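# Topology and contacts: notes
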Amino acid sequence: MSRIITRRRFLIGATMTASALGLSGCDALVESDRTKSVLKIAEGFSMKTQRFLLGDDALAREFTEADLSPVFRANGTSMPDNPQYLDWMNRQFSTWKLEVGGLVEKPMQLSLAELKALPARSQITRHDCVEGWSAIGKWTGVPLGALLKTVGLKPEARYIVFHCADEYEKTLDGSGWYYESIDLVDAFHPQTILAHTMNGRDLEVAHGAPLRLRVERQLGYKQAKYLTRIEAVADLGRLYGGSGGFWEDRGYEWYAGI
Amino acid sequence: MATIDAGAATGRTVIYRHSLLVRLSHWVNVLCMTVLLFSGLQIFNAHPALYWGQYGADNDPSFISMEAVEEGDRAKGLTHVGSLTFNTTGFLGLSEVDGEATARGFPDWLTMPSYQDLASGRRWHFFFAWLFVINGFAYLLYGLLSRHFRRDLLPAGNELTPAHIGHEIVNHARLRFPKGPEARHYNTLQKLTYVAVIFLLLPLMVLTGLTMSPGFNAVAPWLLDVFGGRQSARTIHFLTAFSLTAFVVVHVAMVILSGVFNNLRSMITGYYAIEQGDKQ
């Protein structure tokens, strides 16, 4: 009997598939969890293929000053409304500190002045929003890899998580705070920097002051703004929504190289 | 015409026209291109403007854009193409979603999913993009090895003379389709169109799509130079999709006009009936 039901289910499923594909308006199929998990296969495929072709250190294209966007569009939060952030901002971020912790040997706290005193890298790169637009800006900041070597990653560390000062979606359980994560390949990539300077000036609030991540081979939502804490972790499942980022928790790809 | 039904009772010859791999890859392609088009329009709607060059966002001049504007107490949808502006209310820029006028590039009946959901649109798009590429490679490999391209798609020298092509255009316009021995092969217009679609438009879709990927830019930065930047590639991707849609419309029209049953059967079973000369 169960076989009959299974077969009937299969037929119902097949009919739904056929009708949904025939009509773009049929959204039942789009919303099914099984469909989503099948479609997700493509993300792993894209990541593995790109990583295979890229090697770990292939660089994103760097542009010249002449290529800079006249206006760099700000996206996401442009003014965090949390009181702690406003206090930092009103003191020109002199009291702000970046925490580096989690699975590291020597947790650290760095002030903005200390970060600016570290060796920096400058790069003129293109920022690609998942929506489709692009803007070119010049970023200066501390290579993340150098910082991670200073604090020393524990062997179990697999991902670097970036906690932010903006609550992009107000929720009761705090799951609306912006955060992002990357793996160690991207964390140690030479163009992955913690940028404190944009187009030669201190990073503006709309662009993530005082510090934002640049991970140049991925889309805009990976470039977390308003950084407060960097955490090395072994897995992403227990943080916030469990998918490794604010937008990832809302259905977007964790690997945003495409 | 000179051809006479010499003894053939039915006046028809049935030939085996499409091999299994051609038929299979054709229908997989139909599925892929359908999903890619509608999910692509969903993705486009997230930022319904196209630019030229390396960058492009709200403050940069766009080449094509759609928007909804308030005019008094009414809203209207506008589409800008270069310096021209068209009122496209109800279709582009502003259209009804559940009975309510909503600002969106393309209307809900053209996007997948129908409601605004970029994340889902991308998941569908990339899954079927992979399927499309795998299917395309299988077809290309088969076409080369089986000599399908050389035998069926490569126009012969004498088919490319202006007189011959002109003659075919006139016949097409009059809906006079080849019969008898001529119908055993694709005519020149078909060959040229299929060659353009298979070797130009479809690869262009894949390459411009890859050029929009920041990861793939690091793999193959030269693609940025080929297309003049990520935003140019995005524009070409859109225009090529438009061309392919136009091709499909004409293709389906021709399938219907030149014998829908026979054509569909040949792309499903492989067998195609040829009328011998003029109909009695």
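Residues numbered from 1 in each chain as written. Chains lettered and ligands numbered in written order. Predicted model: local features only at pLDDT ≥ 70, side-chain atom pairs only at ≥ 80, totals over all residues.

## Topic: the overall build of chain B
When you go through chain B residue by residue, the secondary structure sums to nine helices and eight strands. The buried share of chain B, reckoned over its 280 residues, is 30%. When contacts within chain B are restricted to residue pairs at least 6 apart in sequence, long-range pairs at least 24 apart make up 62% of them. (Helix = DSSP H or I, 4+ residues; strand = E, 2+ residues; numbered from the N terminus. Buried ≥ 20, exposed ≤ 12 C-beta atoms within 10 Å, placed from the backbone. Contact = placed C-beta atoms within 7 Å.)

## Topic: the nonpolar core
Residues and elements named next belong to chain A. Counting 48 residues, the largest nonpolar core has Phe162, Cys164, Tyr179, Leu194 and Leu227 as its most contacted members. Breaking this core down by element, the ones donating at least two residues are α5 (83-90), β1 (97-102), β4 (134-143), α7 (144-151), β5 (159-167), β6 (177-183), β7 (193-198) and β10 (227-233). The greatest single-element share of this core, amounting to six residues, is contributed by β5. The residues touching Tyr179, leaving out its near neighbours within four places in the chain, are Val161, Phe162, His163, Cys164, Ala224, Leu239, Tyr240, Gly245 and Phe246. (Core = buried A, V, L, I, M, F, W, Y, C linked by C-beta atoms within 7 Å.)

## Description of the pairing of strand β7 (residues 100-104) of chain B
All names here are of chain B. Bridge analysis of strand β6 (residues 93-97) against β7 gives five bridges, and the strand direction is antiparallel. Bridge pairing in β7 links Val97 to Glu100. Two successive antiparallel strands, β6 and β7, enclose a turn made up of two residues, where Asp98 displays a positive phi of approximately 50°. (Pairing = 2+ DSSP bridges.)

## Description of the interface of chain B and chain A
Each partner contributes to the interface: chain B provides 41 residues, whereas chain A provides 42 residues. Every element with two or more residues in the side of chain B that touches chain A is listed here: α1 (20-45), α2 (118-145), α6 (214-219) and α8 (230-257) of chain B. No other element matches α2(B), which puts eight residues into the side of chain B that touches chain A. Its residues placed into classes, the side of chain B that touches chain A shows 24 nonpolar, 12 polar and five charged. (Nonpolar A, V, L, I, M, F, W, Y, C, P; charged D, E, K, R; others polar.)

## Side note on the confidence of the model for chain A
In this model, chain A carries a mean pLDDT of 90, and residues with pLDDT of at least 70 account for 90%. Note on residues 1-25 of chain A: pLDDT under 50 across the span, and 19 contacts to partners over four residues away in sequence or across chains. (pLDDT = per-residue confidence, 0-100.)

## Some thoughts on unusual backbone geometry
Cis geometry marks the peptide bond from Ala209(A) to Pro210(A), where omega comes out at 0°. Mapping Pro210(A) onto the fold places it in the loop between β8 (201-202) and β9 (212-214). In this model, Met112(B) is joined to Pro113(B) through a cis peptide bond whose omega is -10°. Residue position: Pro113(B) is located in the loop between β7 and α2. The residue Arg147(B) is not glycine, and still its phi comes out positive at about 65°.

## Brief notes about the sheet that holds strand β4 (residues 74-81) of chain B
All names here are of chain B. If you walk across this open sheet you meet the four strands as β2-β3-β4-β5, and the pairing is antiparallel. Two strands close off the open sheet at either side, each with one partner strand: β2 (49-50) and β5 (84-87). With eight bridges connecting them, strand β3 (residues 64-71) and β4 associate as antiparallel partners. By the bridge assignment for β4, Glu67 is matched with Leu78.

## Thoughts on the sheet that holds strand β2 (residues 108-111) of chain A
All names here are of chain A. Spatially, β2-β1-β10-β5-β6 is the arrangement adopted by the five strands of the open sheet, whose pairing is mixed. Of all strands in the sheet, those with a lone pairing partner are β2 and β6, marking the two edges. On average, adjacent strands in this sheet sit at an angle of 20° to one another, irrespective of strand direction. Summarising the sheet, β5 and β6 pair through six bridges and their orientation is antiparallel. Opposite Ile160, over in β6, you have Ile182 as the bridge partner. (Axes fitted to C-alpha atoms, helices over the stretch in contact; angles between N-to-C directions.)

## Looking at the domain arrangement of chain B
Residues and elements named next belong to chain B. Taken domain by domain, chain B holds domain 1 (12-19 + 146-275) and domain 2 (53-105). Once you take the C-alpha centre of each, domain 1 and domain 2 turn out to be 33 Å apart. In this assembly, six residues from domain 1 lie in contact with five residues from domain 2. Counted by class, the side of domain 1 that touches domain 2 contains no nonpolar, five polar and one charged residues. (Domains from an automatic or database assignment.)

## Examining helix α4 (residues 41-54) of chain A
Compared with the 20 Å implied by 1.5 Å per residue over 14 residues, the 20 Å span of α4(A) between its first and last C-alpha is a close match. Residues of α4(A) that are buried: Ala42(A), Glu43(A), Ser46(A) and Gln50(A). Taken end-on, α4(A) shows its buried residues confined to a sector of 100°, consistent with a single buried face. Exposed and facing more than 90 degrees away from the buried side of α4(A) are Gly44(A), Lys48(A) and Phe52(A). Buried residues along α4(A) sit in contact with α3 (33-39) of chain A together with α2 and α6 of chain B. Of the residues trailing α4(A), Gly55(A) is marked for its positive phi of about 65°. (Expected span 1.5 Å × (residues − 1). Arc of directions from axis to C-beta.)

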